[in-house]
Amino acid sequence: MDPKSTAVVLIEYQNDFTTEGGTLHAAVKPVMDQTNMLSNTIETVKRARAAGVTIVHAPITFTEDYHELSPSPYGILKGVVDSQSFRKGSWGAEIVDVLKPAPGDIVVEGKRGLCGFATTNLDFILRSRGISTIALGGFLTNCCVESTMRTGYEKGYNVITLTDCTAALSQEEQRLAVEKNYPMFSTPMSHEDFLARLPAAGTGSERASLPAA
């Protein structure tokens, strides 16, 4: 895998999800603990960045009154409004300290819904940098990560889902997404398997098992 054409896309690693006191943290904490996703992501970002992989942050933010959304939101976005999550300028909307963007990282702006591509310039950024492989991690496994995965697949990217760098609202949702949906639209793998395919982190024989980007 060529680091120059690879990006790790971090979806909504924000305090409202990741951190004690966040509005949605209690809901995702059991699966976060089970997958060890935050520590795994920290390791992935550190080693991938050192190998020359592009790191992309894709946070979601809204105004205080959520006027970007329908006056009567439903489904997952109703949950965001009801919990007063991801309000721009709030502590909860900030990217968690342990994954603060480093110089050279890219922060995608404008995410207002589920798919990381839908209301942002993510596709333009990736193509401008010659990125053809994207490795996805974040929240929720079966929501924003899955939505971004599906769009990336349809746009022709080589999509990798980092299964132990994701978390959902329940073990059942986590398992079903990883086991049933991810293989249809991506190459699911652990963060260790992904890192083993980077030149600085694995052997040639390990890297050879994944098609070149």
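Described in the following lines is the structure provided in the data block.

What counts and what doesn't
- Residues numbered from 1 in each chain as written.
- Predicted model: local features only at pLDDT ≥ 70, side-chain atom pairs only at ≥ 80, totals over all residues.
- Heavy atoms only, no water.
- Helix = DSSP H or I, 4+ residues; strand = E, 2+ residues; numbered from the N terminus.
- Rg over C-alpha atoms; globule rule 2.2 N^0.38 Å.
- Buried < 20%, exposed > 50% of the residue type's maximum accessible area, 1.4 Å probe, protein only.
- Areas by Shrake-Rupley, 256 points an atom, 1.4 Å probe, with all protein chains shown as cover.
- Axes fitted to C-alpha atoms, helices over the stretch in contact; angles between N-to-C directions.
- Parallel < 35°, antiparallel > 145°, perpendicular 65-115°, else oblique.
- Left-handed = near helix turned anticlockwise from the far one by under 90°.
- Contact = heavy atoms within 4.5 Å.
- Nonpolar A, V, L, I, M, F, W, Y, C, P; charged D, E, K, R; others polar.
- Salt bridge = Lys/Arg side-chain N within 4 Å of Asp/Glu carboxyl O.
- Core = buried A, V, L, I, M, F, W, Y, C linked by side-chain atoms within 4.5 Å.
- Pairing = 2+ DSSP bridges.

### Brief notes about the overall build of the protein
- Assigned secondary structure in the protein consists of 9 helices and 6 strands.
- Its C-alpha radius of gyration of 16 Å places the protein within 12% of the 17 Å reference for a compact globule of 213 residues.
- Structurally, the protein occupies a C-alpha span of about 50 × 35 × 30 Å along its principal axes.
- In the protein, which comprises 213 residues, the share counted as buried stands at 52%.
- Element-wise, carbon and sulfur atoms account for 53% of the exposed surface of the protein, whose accessible area totals about 9,500 Å².

### Some remarks on the packing of helix α6 (residues 144–154) against helix α7 (residues 171–185)
- For the pair α6 and α7, the least separation of the axes is 9 Å and the interaxial angle reads 20°. Relative to α7, the element α6 is oriented roughly parallel. Remark: the crossing between α6 and α7 carries left-handed chirality. Judged by residue contacts, V145, E146, M149, R150 and Y153 of α6 engage A177, N181, Y182, M184 and F185 from α7.
- Residue composition of the contact of α6 with α7, by class: 7 nonpolar, 1 polar and 2 charged.

### Regarding the pattern of salt bridges
- Taken as a whole, this structure holds 11 salt bridges when the rule is applied.
- A salt bridge links D123 to R127; the nearest nitrogen and oxygen atoms lie 2.9 Å apart. Residue D123 and its partner R127 are both found in helix α5 (residues 122–128); the two are separated by 4 residues, about one turn of the helix.
- Ionic pairing is found between E179 and R175, a salt bridge with its closest N-O pair at 3.3 Å.

### Some words on the nonpolar core
- Core analysis: the largest hydrophobic core is formed by 63 residues, its most contacted members being Y13, L126, I134, F139 and F194.
- Apart from residues no more than four positions distant in its own chain, F139 is found in contact with I11, E12, Y13, F17, T18, V28, M32, M37, C144, V145 and A167.

### Comments concerning α6
- Along α6, the residues that are buried comprise C144, V145, E146, S147, T148, M149 and G152.
- Those residues of α6 that are buried are in contact with β1 (6–11), β4 (133–139), β5 (158–167) and α7.

### Topic: the sheet that holds strand β2 (residues 54–58)
- Taken in spatial order, the 6 strands of this open sheet run β3-β2-β1-β4-β5-β6, and their pairing is parallel. Of all strands in the sheet, those with a lone pairing partner are β3 (106–107) and β6 (187–189), marking the two edges.
- The strands that α6 touches are β1, β4 and β5; relative to β4, the one it contacts most, it runs at about 165°.
- Most of the contacts of α7 go to β5, to which it runs at about 175°, and overall it touches β5 and β6.

### A look at unusual backbone geometry
- The omega torsion across F139 and L140 is -25°, close enough to zero to call that bond cis.
- With respect to the secondary-structure elements, L140 resides in the loop between β4 and α6.
- Phi is positive for Q84, close to 55°, though the residue is something other than glycine.
- Looking at the secondary structure, you find Q84 in the loop between α4 (76–82) and β3.
- Q84 gets classed as partly exposed once you look at its relative accessible area, which sits at 33%.
- Even without a glycine there, the phi angle at F86 is positive, about 60°.
- With respect to the secondary-structure elements, F86 resides in the loop between α4 and β3.
- Overall, F86 belongs to the buried group, its relative accessible area being 1%.

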